[in-house]
Amino acid sequence: MATVLITGCSSGIGRSAALAFARRGDHVYATVRSATDGEELRATAASEQLQLHTPTLDVTQPDTFGDLINTVTSDAGSLDVLINNAGVLIPGAFEDISEAQLRTVMETNFFGPMLLTRAVLPFMRRQQKGLIIMISSLSGLAGLAGDVAYSASKFALEGATEALRQEIDRWGIRLALVESGRYATRLDRSNGQLPSDYPQQSPYRSLIESKLSDAAQGAEQAMNPAAIADLLLRIADADTRQLRWPSDPLAVAVLNKLHGLDDTARAAFLDEVSDIAWWRDGFEHTPADSGRLET
Ligand code: NAP
């Protein structure tokens, strides 16, 4: 039985992962941002008699990390797996998002996981073992229009995790990056709508509208987050130094495609994926075009 700490468990991937680990008998600390968020998870845990606790944690508040780690380690006596899952996505063109939004995304998706990781490392070093999983994204491997803030945060997480692995390998602590495709969660932009406060006069409005509309049209391809929870169980059980774990066929295909491309080929591939020719070449666009010009 392992002690597993997972952030961002009020919904989506975190919630599925918390239940998957608890259902196989692990001792799970599934953090939620506010105490009321954990009600459903607590009710499920109680009805199934799972060892699952829901401490509160806002990953943008590093001053609170020490108390959480102390509570977990003194209560459970160990901390075997940390899953840095909590994350946010604020879509928008770079000129349109505010500095505060950019900082929120970086605080949540980069500083949060890295500082929480730093808070657990002394304990894992003393244990001479541990596993830290970062829920990354294909946006951490490839940057696409409308995703500047999110991509920046996930690219930063990728680089920091790759470098950190060399520092902590010798203590028997493993690091894993989950390269996640598309899952049907709250974070997925499936409603296709621009936020109501999106700048009315933005010169990028049609680009972002088109990207959100394309995303909404592909919403049925988004997978059940329970599938990624299965991968997390396999990573926890694996005996390997593998760093990057593509979570689904889309992620495998993108990783394989990006491998070995030179800069020009990479840019062409990303433009194609983004379906961006109409925008780059200055064609007129209305939402009815759905961002596509047939050639
Ligand atoms: P989700 O359902 O929106 O879950 C995100 C979780 O993060 C929620 O529990 C949310 O809590 C929590 N969170 C946000 N800001 C937080 C903060 N400051 N402190 C603590 N918790 C916070 O979306 P999801 O898809 O499961 O996202 C989980 C992870 O998967 C994210 O890191 C995301 O980048 C990654 N991912 C998802 C996809 C996808 O297609 N869904 C693809 C690639 C990567 P609240 O309820 O309090 O907001």
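The structure this text deals with has already been given above.
Let me sum up the structure you'll find in this document. Quick caveat, the model's predicted, so the values are computed rather than measured. (Residues numbered from 1 in each chain as written. Predicted model: local features only at pLDDT ≥ 70, side-chain atom pairs only at ≥ 80, totals over all residues. Heavy atoms only, no water.)

**So, the site of the ligand**
Around the ligand lies a shell of 29 residues, among which Ser10, Ser11, Asn85, Tyr150 and Thr185 are the nearest. A distance of 2.7 Å separates an oxygen atom of the ligand from a polar atom in the side chain of Ser11. The contact in question runs from an oxygen atom of the ligand to an N or O atom on the side chain of Arg186, over 2.9 Å. In isolation the ligand has 890 Å² of accessible area, and contact with the protein removes 93% of it. (Near = heavy atom within 4 Å. Polar contact = N/O pair within 3.5 Å; in protein donor to acceptor, adjacent residues only side chain to side chain. Areas by Shrake-Rupley, 256 points an atom, 1.4 Å probe, with all protein chains shown as cover.)

**Considering the pattern of salt bridges**
In the structure shown here, the tally under the stated rule is 14 salt bridges. Residue Glu48 is joined to Arg23 by a salt bridge in which the shortest nitrogen-to-oxygen separation is 2.7 Å. Residue Glu48 is located in the loop between helix H2 (39-47) and strand E3 (52-53), and its partner Arg23 is located in helix H1 (residues 12-23); the two are separated by 25 residues in the primary sequence. A relative accessible area of 48% means that Arg23 is categorised as partly exposed. Where Asp26 meets Arg24, a salt bridge forms, and the shortest distance between an N and an O atom there is 2.9 Å. Given a relative accessible area of 5%, Asp26 falls into the buried group. Within this structure, Glu158, Glu162, Glu179 and Arg244 form a network of salt bridges that share partners. (Salt bridge = Lys/Arg side-chain N within 4 Å of Asp/Glu carboxyl O. Helix = DSSP H or I, 4+ residues; strand = E, 2+ residues; numbered from the N terminus. Buried < 20%, exposed > 50% of the residue type's maximum accessible area, 1.4 Å probe, protein only.)

**Some remarks on the nonpolar core**
With 32 residues, the main nonpolar core has Ile6, Val28, Leu52, Ile83, Ile133, Leu232 and Ile235 as its most contacted residues. Counting only elements with at least two residues in this core, the list comes to strand E1 (3-6), H1, strand E2 (27-30), H2, strand E4 (81-84), strand E5 (130-135), strand E6 (173-179) and helix H7 (225-237). Here this core gets seven residues from one element, more than from any other, and that element is H1. Sequence-distant contacts of Val28, that is, excluding residues within four places in its chain, are made with Val4, Ile6, Ala18, Phe21, Ala22, Gln51, Leu52 and His53. One finds Tyr29, Leu116, Met124 and Leu157 within the second-largest nonpolar core, a separate group that totals 29 residues. (Core = buried A, V, L, I, M, F, W, Y, C linked by side-chain atoms within 4.5 Å. Contact = heavy atoms within 4.5 Å.)

**Focus: the pairing of E2**
Residues of E2 alternate between two faces, with His27 and Tyr29 on one and Val28 and Ala30 on the opposite face, all of them buried. Where E1 lies against E2, four bridges are found, and the strand directions are parallel. Residue pairing in the sheet places Val4 in a bridge with Val28 of E2. On the question of chirality, the crossover connecting E1 to the parallel E2 by way of H1 is right-handed. As paired elements, E2 and E3 share two bridges and run parallel to each other. By the bridge assignment, Tyr29 is partnered in E3 with His53. You can see the chain leave E2, run along H2 and come back into E3, and the turn it takes is right-handed. (Pairing = 2+ DSSP bridges. Right-handed = clockwise from strand over helix to strand, strands pointing away.)

**Section: the side chain of Glu179**
Take Glu179: it is sitting in strand E6. We classify Glu179 as buried; its relative accessible area is 0%. Among residues more than four places away in sequence, those in contact with Glu179 are Ser136, Ser137, Leu138, Leu141, Glu158, Arg244, Trp245, Pro246, Ser247, Asp248, Ala251 and Leu255.

**Overview of the sheet that holds strand E7 (residues 244-246)**
One open sheet accounts for seven strands, arranged E3-E2-E1-E4-E5-E6-E7; its pairing is parallel. In this open sheet, the two edge strands, each paired with only one partner strand, are E3 and E7. For E6 and E7, the ladder comprises three bridges, and the chain directions are parallel. By the bridge assignment, Leu177 is partnered in E7 with Arg244.

Distances and angles like these do not, on their own, reveal function.
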